[in-house]
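Residue-level structural notes
Letter by letter, the chains look like this.
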Amino acid sequence: MTGRSRECDAARVIEVEGRELMRKRPGMYVGSTGVGGLHQLVYEVASRSVNEVLTGGGGCVDVTLTQDGGVRIADDGPGIPFEAAGEVRVGGGLETLLTRPETELRPDGRNTVRWSVYGVGPCAATVMSSRLTAEVRRGGVRRVQEYARGVALVPPVTAGPATDTGTTIAFWPDPGIFDTVECSFAVLARRVREVALLNRGLTLSLTDERPAGGTRSVSFRYPDGAGDFVALLDAESERVLPEVIAFEWENEGMAGIAEAALSWRSVREERVRSFANSVPTPEGGTHEVGFRTGVAAALTEHALRHGLLKSGGPGLGAGRVGEGLTAVVSVRLDRPECDGSTRGRLGGATVRDGVEQGVREHLGSWLDRHPERAAAVIGRITRDTDPDES
């Protein structure tokens, strides 16, 4: 046996063992065999479409729950090319993406949108579905390929001309793996809307063809990103400010881009939502710590300069400024570091410092440009909180 033959055989063994392990232990890759794991298949395929659209000049991703129990995800990106026979393209090529975990292909980056903490990629849907079909429209040609339980049934074939560009992946989750193959329209709609809010200008739609009474559909596009997010969270609340404060900046120290939006309501409850590369961080992390510290510092500095706080007295600490605060803080990092097995908390001291500095500067500038509104916010905080609290 030649060296080249041994390499190919070894690669084939790894591929087969990986596929069998994913089918035997699906929870390791998508979290569970319940409806949560089922939704992860949707997220893994949809995230790849969103990334293709955002980097390739398209603008729309459509998710459809089909009448026969399948899920179809279509985008208008440039179309992910199928590889030539025998070619493996690291980080690219549709067959590679459909058969190898994305964690083996490329690291996360600030331009990578993640819909879930797992980051396995479309191969999860390939392996854990009884059937999957992939269609690429590129260069005036439409090419298709079909898989069954992770195995390609035939090589990619030309199926006719194409008048547009894009990639469509349709899959039917394997009932032998999942406890249910019925996706929740409501749950998916919430996450679709969330991703649209975190990626300004992106159009995302969700259509459900299953109801007996007729198709239902929602579509989301938000030009102001995190600002729209806060406005939506506060839609039914009385606000202290007439508008949402929003800003975005790049910080090379943390190797990424941060976006923050905030407002104050007349109630005392705090609502702060945080994200890293579009993935929720429900346990917070360094970006939240930096955000809160930056907000408190900017308000305290402005209040002292304008005589709204007594010099030498307690500042407006994070605990005080948080009452009634609604905020969204989102970071897009080259190398996100998550703490814990659930990846629900973001780490990295440079992220904390970069977010704190940016919020301090941008919010401080906004306060200086709007002294009357700044006084209203600071007055609400100093009236409604314990002056001894820091």
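Below: a short report on this structure. (Residues numbered from 1 in each chain as written. Predicted model: local features only at pLDDT ≥ 70, side-chain atom pairs only at ≥ 80, totals over all residues. Heavy atoms only, no water.)

1. A short note on unusual backbone geometry
With a phi angle near 55 degrees, A255 is a residue other than glycine that sits in the positive phi range. Assignment of secondary structure puts A255 in the loop between β10 (245-251) and β11 (256-264). Overall, the relative accessible area of 8% leaves A255 in the buried class. Positive phi, close to 55 degrees, is recorded for N277, a residue that is not glycine. (Helix = DSSP H or I, 4+ residues; strand = E, 2+ residues; numbered from the N terminus. Buried < 20%, exposed > 50% of the residue type's maximum accessible area, 1.4 Å probe, protein only.)

2. Let's talk about the side chain of T64
Relative to the assigned elements, T64 resides in strand β1 (residues 60-65). Overall, the relative accessible area of 8% leaves T64 in the buried class. Among residues more than four places away in sequence, those in contact with T64 are G70, V71, R72, T207 and E209. (Contact = heavy atoms within 4.5 Å.)

3. Details of the nonpolar core
Counting 57 residues, the largest nonpolar core has I73, W115, F171 and L204 as the members making the most contacts within it. Apart from the residues lying within four places of it in its own chain, the contact partners of F171 are L41, V42, V45, G70, V71, I73, A125, S129, R131 and L132. Counting 36 residues, the second largest nonpolar core, distinct from the first, contains W264, L333, V359 and I378. (Core = buried A, V, L, I, M, F, W, Y, C linked by side-chain atoms within 4.5 Å.)

4. Describing helix α7 (residues 226-233)
Within α7, the full set of buried residues consists of A226, G227, D228, F229 and V230. Of the surrounding elements, those touching the buried residues of α7 are α6 (185-198), β10, β11, β12 (271-276) and β14 (325-333).

5. Looking at the environment of L153
For L153, the location among the structural elements is in the loop between β5 (151-152) and β6 (157-161). Along the backbone, L153 and R131 are 22 residues apart, and their C-alpha atoms lie at a distance of 9.9 Å.

6. Some points on the pairing of β12
The sheet contact formed by β12 and β14 spans six bridges and is parallel. In the strand pairing of β14, R273 is matched with V328. One ladder, built from two bridges, connects β12 with strand β13 (residues 279-280); its direction is antiparallel. Bridging across to β13, F275 finds its partner in P280. From the end of β12 to the start of β13, which pair antiparallel, there are two residues, and N277 there has a positive phi angle of about 55 degrees. (Pairing = 2+ DSSP bridges.)

7. With respect to α6
End to end, α6 covers 20 Å across 14 residues, agreeing with the expected 20 Å (1.5 Å per residue, within 8%). The buried count for α6 comes to ten of 14 residues, which makes it a mostly enclosed element. By the burial criterion, the buried members of α6 are F185, L188, A189, R191, V192, E194, V195, A196, L197 and L198. (Expected span 1.5 Å × (residues − 1).)

8. Regarding the sheet that holds β12
One open sheet accounts for five strands, arranged β10-β11-β14-β12-β13; its pairing is mixed. The sheet is open, and its two edges are formed by β10 and β13, each paired on a single side. In this sheet, β11 lies alongside β10 in antiparallel orientation, the contact comprising seven bridges. Along β11, the bridge assignment pairs W249 with A258. Lying on the sheet, α7 is in contact with β10, β11, β12 and β14; it crosses β14 at an angle near 150 degrees. Those strands touched by helix α10 (residues 349-369) are β10, β11 and β14, and its axis lies near 135 degrees from that of β10. (Axes fitted to C-alpha atoms, helices over the stretch in contact; angles between N-to-C directions.)

9. Some remarks on the pattern of salt bridges
Under the counting rule described, the total for this entry stands at 26 salt bridges. A network of salt bridges, in which partner residues are shared, links E135, R137, R142 and D164. (Salt bridge = Lys/Arg side-chain N within 4 Å of Asp/Glu carboxyl O.)

10. Some remarks on the packing of aromatic side chains
Overall, the coordinates contain three aromatic pairs when judged by the stated rule. Ring centres of F220 and Y222 lie 6.4 Å apart, and the angle between their planes is 15 degrees; on these two criteria the pair is classed as stacked. Residue class for F220 comes out buried when judged on its relative accessible area of 13%. With relative accessibility at 15%, the residue Y222 sits in the buried group. Seen in terms of ring centroids, F229 and F275 are 5.7 Å apart; in terms of plane orientation they differ by 35 degrees. Their pairing is tilted. Pair noted here: F229 is in helix α7 and F275 is in strand β12, with a separation of 46 residues, a long-range link. According to the relative accessible area criterion, F229 is buried, its value standing at 4%. Residue class for F275 comes out buried when judged on its relative accessible area of 0%. (Phe/Tyr/Trp six-rings, centres within 6.5 Å; stacked < 30°, edge-to-face > 60°.)

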